[in-house]
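Per-entry structural report
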Amino acid sequence: MAINIGQLTKRENLFQNISRHYILYLMVLPGLVFFVCIRLIPVAGSIIAWQEYSIFRGIFHSKWVGWKNFQELFAYYDFYRIFGNTLTIGLYRIIFGFPVPIILALLMNEVSHERFKKAIQSSLYLPYFLSWVVVAQLFYSILHPSSGIVNIFLQKTIGIEPIFFLAKDKLFQPIVTATFIWKYSGYYSIVYLAALASIDPQLYEAATIDGANRLQQLWAVTIPSLLPIMVIMLLLSIGRFLEIGFDQIYNLMNPLVLSTGDIFDTYVYRVGLQEGRYSLTTAVSLFKAVIGLILISCGNALAKKLTGEGFFK
Amino acid sequence: MRRARAERRIKGGGTAISGLLIYLMLILIALAMVLPFIHELAKSFSYPSEVDAGRVSLWPRKPTLGNYYYYYRKHFVPLSRSFGITIYITGFGTLWSIYMTTLMAYPLSRSRKEFKFGPVAMGIAIFSIIMFPPIIPYFLAIRSYGLMDTLWSIIITHTIVPFHLILLVAFFRQLPEDLFDSCRIDGGSDWRILFQIVLPLSKAVLATVAIFTAIILWNIFLHPLLFINNPKKFPLQIFLRSIFQGGADPEVLLQRDPFDNTESIKSALVILTTIPIVLVYPLLQKHFIKGMMLGALKE
Amino acid sequence: MCKGRAWKLLGVNLLLLTIITGSTFAVGKQEAVAPETEVYKFLNTWGMWDLSRGRIPIEEQPQSPYWQYVAKKFGAAPLTISWEWEGAKGYVSGLRRMLAAGDIPETLLPYEIKLTSELIEEGIAIPLDDLLKKYGQDTYSQLTEAEWDSVRAQSPDGKIYYIPLVQFEGRIPSSLIRKDWLDRVGMGIPQTRDELVMMYRAFKKNDANGNGDPNDEIPVSGREGMRWCDDLFMMHGVSMYEGHPQWRWHPDKKQLISEQVSDEMRESIEFLRSLYKEKLIDEVFVIQSAGDWTSKIKANRIGHYLHLPWVIDTFSDFMSDFPDAKWVYMPLPKVPGKPRQKTMFQRVGFPAFMITKQAKHPEKIMEWYNWSQTAEGYLYQTLGIPCVDWIKEGGQIKVLNKKVPFYKYISTPSKYVPEAIRLTPLGEMKIKIIDEAKKNIYYGPDNLGMSSTVYEGYEDFMPENAKLYREWCSKMVVSELDMSAWDEYVKKWYASGGEVITKRASEWYKKMKGIK
């Protein structure tokens, strides 16, 4: 009954649609309220970036200052450093973090011993479940200048003086990248493992018959089959470029590594929330969002070129 | 099983050495994952002065349970309280989120004919994935809703995780339409379709989304940092952070307490908070593997 | 296959159920204080330093005998809250969040000059001039007119909007050395910088703390941002308050120069660097939290540290194992090439007290505050309730109850009452140290009373932040950077705003002192 009527009345306006399928609209209501109140209204609240916002006056009574906050932002000597750090750390993550899950999956795929595989997998996935609070403390502990195992090991084997890893700003970005890889690689390798498992074994048969060894098979069969999913994952990570930042950096950072560790999110938290410079840091967040949007559109365009599809149909 | 092994051997075609190398590399990698925990274990069972002197690497020195007992002595109430709060947030919050997300996903998965608002709602959801609100206006908005210093501030802000919404929508879309149609013919409303047909078929995907959500809520950090001031409402991660940072100053007792603010008690806390996860996650492994695959393939 | 309407109802009911269950469990906002009873309960935020010792939740505070004593005395008593971790920064950000949530307490400790100005500008703070005149004479007499003028200078209309912390003699930052350690290594109190280093070496090498382990001693320590080792800076002539570099007037250059970039600072950094190289100073001190620093001292691991004499007993946990432990005061050692320096003592401290427009009975509040600045108040703060915790018999004070909580629901006292201090644990030692410390101070700094508008647009240069200084100088101390980086640092400091604020500061100073 419903189907036939639907075919007859092709152009049904919203009102009629609502009255006919009111249940659907009812269902979507709580979610919509959520999105509007929690996700959209705060974005609209970014307008305080053009104000000199005071918590005592609120949005409607704070002074309007035009582009002053943005000017101050670009004139700030630390701005370029924060920008640079954010970009660098994001880039390191992609360059070094992207291949690792693939390599892991490839290695694991070569293993036929189920028990061994399961044991390795368990150890790989565990860090994903832990919070950065715990992971940061874990790394702080192993890198501690006097009690950390890394320094103990270095002392015993090479006999050098203990290194205060966490206080060295030049090491901070590599440490951030390493901890990121440590935490997430196992988890992301699942995707590749699944893809590997779905490769037609006949392709391998054919390759073996042609006399290909392991490495050649890798090159000829495995990698090409993985290419589409690799591209997707790469584009995803580009899209997420500016995202997962705060928890990790905040928990790993200390005053000594501010120069290389401070990123947009930690800066906004510190200067915005702790020091009360609300308008200025909102301008910073907006700038970050604009950069993020640019990156995503680039990623989307790339995706369209490479796979014929974008994220958004 | 045998057939799989045979298949793999055909696939292999490599030398025994390369096989061994692969095993070795994997073992090394697994070690890299596990070593930090072994170190923490060792420290947690060692006496503080041994730890500070750098004598503890993989095995405890001057073994003691004091580091763990320390939490019972001095931080029992705040620790168990924050634990309880996190369990509550994770349990209730996940249920809440699943319910709301499912409720919204169903209409969004319907065709444009049925649900005209669909594309707009999807647009909002996708916009939310790309654009997380700037922290300061987000903070100001949530506080203006009167959610400051409440556990609702965490739960409500995670009512729907946009990514999970998309997952569910994609899944619901590919459910067979004829099941829905036959239910409608029987006079069933959308409620009935949702609860009687869609949900039972979606158990796997819902379990996965539940796990993803639970992980987010268990480890939640930024939200309580922003919104919760009252130490009595600190969820687990905030409490952990306060101990790791060494800032929490327990009440001054007149006797010397050799365990206060030492590295060894911090290690004990790491182990304490990792244990529940180690116990629970093997059970979840199956589901979230499925979920990851679903997620990636859907993209 | 498809059953009845039950499913539709189930859907709606589930939704309602989850909402209701959630609401009953989710804990609500902190309850508002009902000021209707005969005792005026006012919400007060106070520094975590006092409260971390024995903090109890607000609901339980009225049951405390100390709260009740105060309530009876003034018909008003504070319900006090604080934020404890991350030290002073955590306190201020907690306070800001509370204010952002719209909860404005009746009284608060602003701590930060910037927050103070904001509160004054927004009209949240009320002027205290009349209240001080009528109910706060003891408080008012604590400071000189000039010092009050420096408070007036912080507001646009020249009124007093806050009461600064008045540092009494017990709060003179003092170099505290463990005398028993010195005895064990057979040395006297260092008089010169070289002797100081020799002492450090002796502490490090030997079992100075007497616990059988020669390796756990840390000769000297500090806290993150190179704070609380001020004496190592001050002995070179640097003007510093709680680890924050201040300003000094250079008559030859006719400029107020920030210690962040002075030559004396350079010398201090070089000295710290040499200590760090030799591992004589705590290797993690540049990022060490207050909690960790405190516990190291309490664990009998630190031989020399800087702190306030009147609370040395709060660091004395280890004395249960080492009852012979003694502290002794060290005047700043002499550094080659300059006369022996004195400790800078800033009597006017951070903004400590502010009454907001929310207060219904500001007079009662002022009476309450004022009392804490009297000798009577001091005795209460130190010893507890008279006739209950202590009594005065024939001119002599006798302590009846030794276990009194630190926080007693009045504000930090500022009157120096030696006889009361003498009766607290380690009292005699405290008096001795204070007496010596008093002889070795000068009042400062030169920028006392300087309005925070000098830093406008360059808040990173404020002494409490001093971002560039903390970053570069910490690195020079731990040898991340060579000392040769100093010149680059100074250049950068001036170029990124230092020049502007130096000019502003110098103008202010000249105007204030009437110099052309």
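Worth saying up front: this structure is predicted, and the values here are computed from it rather than measured.

What follows concerns the overall build of chain A. A tally of helices and strands in chain A yields 16 helices and two strands. For a compact globule of 313 residues, the expected C-alpha radius of gyration is about 20 Å, and chain A comes in at 26 Å, more than 25% above that figure. Seen through its principal axes, chain A has C-alpha atoms that stretch 70 × 70 × 35 Å. Across the 313 residues in chain A, those meeting the buried criterion constitute 41%. Taking the contacts inside chain A whose residues are at least 6 apart along the sequence as the reference set, 64% of them involve residues at least 24 apart.

To continue, consider the overall build of chain C. Each helix and strand in chain C was counted, giving 19 helices and 17 strands. The C-alpha atoms of chain C give 26 Å as radius of gyration, which agrees with the globular expectation for 516 residues (24 Å, within 12%). The dimensions of chain C, computed from C-alpha atoms along their principal axes, are 90 × 70 × 65 Å. A total of 516 residues make up chain C; the buried ones form 49% of that total. Counting only contacts in chain C whose residues sit at least 6 apart along the sequence, the fraction spanning at least 24 positions is 75%.

With that settled, the discussion passes to the nonpolar core. Counting residues in each nonpolar core, the largest one holds 273 residues, and the members touching the most others are Met104 and Leu168 of chain B together with Val70 of chain C. What Val70 of chain C contacts, discounting residues up to four positions off in sequence, is Ala77, Trp368, Tyr409 and Ile410 of chain C.

A few words on the domain arrangement of chain C. Looking at chain C, the domain boundaries give domain 1 (40-165 + 347-413) and domain 2 (171-345). For domain 1 of chain C and domain 2 of chain C, the distance between their C-alpha centres works out to 31 Å.

All names here are of chain C. Taking 1.5 Å per residue as the helical rise, helix α4 (residues 87-100) with its 14 residues ought to reach 20 Å, and the 20 Å between its terminal C-alpha atoms agrees with that figure. Regarding α4, the residues found buried are Gly87, Tyr91, Val92, Ser93, Gly94, Leu95, Arg97, Met98 and Leu99. A positive backbone phi angle near 90° is found at Gly102, which sits one or two residues after α4.

Turning our attention to helix α10 (residues 193-205) of chain C. Residues and elements named next belong to chain C. Here α10 spans 19 Å end to end across 13 residues, near enough to the 18 Å set by a 1.5 Å rise per residue. Along α10, the residues classified as buried are Leu196, Met199, Tyr200 and Phe203. For α10, the arc enclosing every buried residue in end-on projection is 100°, short of the 170-degree limit, so these residues lie on one face. Summarising the contacts, the buried residues of α10 are in contact with α9 (179-185), β6 (218-220) and β11 (302-307).

It is worth spelling out the environment of Phe34 of chain A at this point. The residue Phe34 of chain A is located in helix α3 (residues 22-44) in this model. Not counting residues within four places of it along the chain, the set of residues in contact with Phe34 of chain A comprises Met100, Thr159 and Ile160 of chain B.

This next bit is on the interface of chain B and chain A. Chain B puts 85 residues into the contact, and the matching count from chain A is 81 residues. For the side of chain B that touches chain A, a count of residues per class yields 51 nonpolar, 17 polar and 17 charged.

So, about the domain arrangement of chain A. Residue and element names in this part refer to chain A. Under the domain assignment used here, chain A contains domain 1 (2-64) and domain 2 (77-307). The C-alpha centroid of domain 2 is placed 36 Å from the C-alpha centroid of domain 1. Contacts between the two partners involve six residues from domain 1 and, on the opposite side, five residues from domain 2. Across the side of domain 1 that touches domain 2, the residue classes tally to three nonpolar, two polar and one charged.

This part takes up the confidence of the model for chain A. The predicted model of chain A averages 83 in pLDDT, with 94% of residues at 70 or higher. For chain A, helix α1 (residues 2-8) of chain A is the element with the lowest average pLDDT, namely 49, and helix α8 (residues 132-142) of chain A is the one with the highest, namely 93.

Further remarks concern the interface of chain C and chain A. Taken together, the contacts link 21 residues of chain C with 17 residues of chain A. Ranked by residue count, the leading element in the side of chain C that touches chain A is α4 of chain C, at five residues. Each residue belonging to the side of chain C that touches chain A can be placed in one class, and the counts come to eight nonpolar, four polar and nine charged.

Time to look at the packing of helix α18 (residues 467-477) of chain C against helix α19 (residues 485-513) of chain C. All names here are of chain C. Relative to each other, α18 and α19 sit at 175°, their axes nearing to 11 Å. For the element pair α18 / α19, the angle class is roughly antiparallel. Contacts from Leu468, Trp472 and Met476 in α18 reach Ala485, Trp486, Tyr489, Lys492 and Trp493 in α19. In terms of residue class, the contact of α18 with α19 is made up of seven nonpolar, no polar and one charged.

Strands in a sheet are paired, the pairing made by backbone hydrogen bonds, and the direction either parallel or antiparallel. Residue and element names in this part refer to chain C. Across the sheet, five strands lie side by side as β2-β1-β3-β14-β4; this open sheet has mixed pairing. Each end of this open sheet is capped by a strand with a single partner; those strands are β2 (76-81) and β4 (163-166). With two bridges connecting them, strand β3 (residues 107-108) and strand β14 (residues 348-355) associate as antiparallel partners. In the sheet register, Leu108 faces β14, and the bridge partner there is Met354.

This part takes up the sheet that holds strand β12 (residues 327-329) of chain C. Residues and elements named next belong to chain C. Spatially, β6-β11-β5-β12 is the arrangement adopted by the four strands of the open sheet, whose pairing is mixed. Two strands lie at the open edges of the sheet, namely β6 and β12, each paired on one side alone. On average, each strand axis in the sheet is inclined to that of its neighbour by 30°, with strand direction left out of account. Here β6 pairs with β11 via two bridges, running parallel. Bridge pairing links Val220 to His304 in β11.

Bringing the pairing of strand β9 (residues 247-250) of chain C into the picture now. Residues and elements named next belong to chain C. Relative to strand β10 (residues 255-258), β9 is paired through four bridges, and the arrangement is antiparallel. Across the sheet, the residue bridging to Trp247 is Ser258, located in β10. Hairpin remark: β9 followed by β10, antiparallel, with four residues in the connecting loop; positive phi at Lys254, about 55°.

Here we come to the environment of Gly75 of chain C. Residues and elements named next belong to chain C. Within the element layout of this structure, Gly75 appears in the loop between α3 (65-74) and β2. Along the primary structure Gly75 and Glu38 are separated by 37 residues, whereas in three dimensions their C-alpha atoms are 7.1 Å apart. Excluding anything up to four places from it in sequence, Gly75 contacts Val39, Tyr40 and Lys364.

All names here are of chain C. Omega for the peptide link from Gly444 to Pro445 comes to -10°, which places this bond in the cis form. As for its position among the elements, Pro445 is in the loop between β17 (441-443) and α18. Not every positive phi belongs to a glycine, and Trp228 is a case in point at roughly 60°. With phi around 65°, Ser479 is a residue other than glycine that occupies positive phi space. Here Ser479 shows up in the loop between α18 and α19.

Detailed conclusions should not be drawn from predicted coordinates in areas where pLDDT is low. All names here are of chain C. Overall, the predicted model of chain C reaches an average pLDDT of 86, with 91% of residues at or above 70. Scored below 50 in pLDDT, residues 24-36 shows 21 contacts in the model against residues more than four places distant or in partner chains. As a predicted assembly, this complex carries a pTM of 0.83 together with an ipTM value of 0.86.

Cut-offs and rules
Residues numbered from 1 in each chain as written. Chains lettered and ligands numbered in written order. Predicted model: local features only at pLDDT ≥ 70, side-chain atom pairs only at ≥ 80, totals over all residues. Helix = DSSP H or I, 4+ residues; strand = E, 2+ residues; numbered from the N terminus. Rg over C-alpha atoms; globule rule 2.2 N^0.38 Å. Buried ≥ 20, exposed ≤ 12 C-beta atoms within 10 Å, placed from the backbone. Contact = placed C-beta atoms within 7 Å. Core = buried A, V, L, I, M, F, W, Y, C linked by C-beta atoms within 7 Å. Domains from an automatic or database assignment. Expected span 1.5 Å × (residues − 1). Arc of directions from axis to C-beta. Nonpolar A, V, L, I, M, F, W, Y, C, P; charged D, E, K, R; others polar. pLDDT = per-residue confidence, 0-100. Axes fitted to C-alpha atoms, helices over the stretch in contact; angles between N-to-C directions. Parallel < 35°, antiparallel > 145°, perpendicular 65-115°, else oblique. Pairing = 2+ DSSP bridges.

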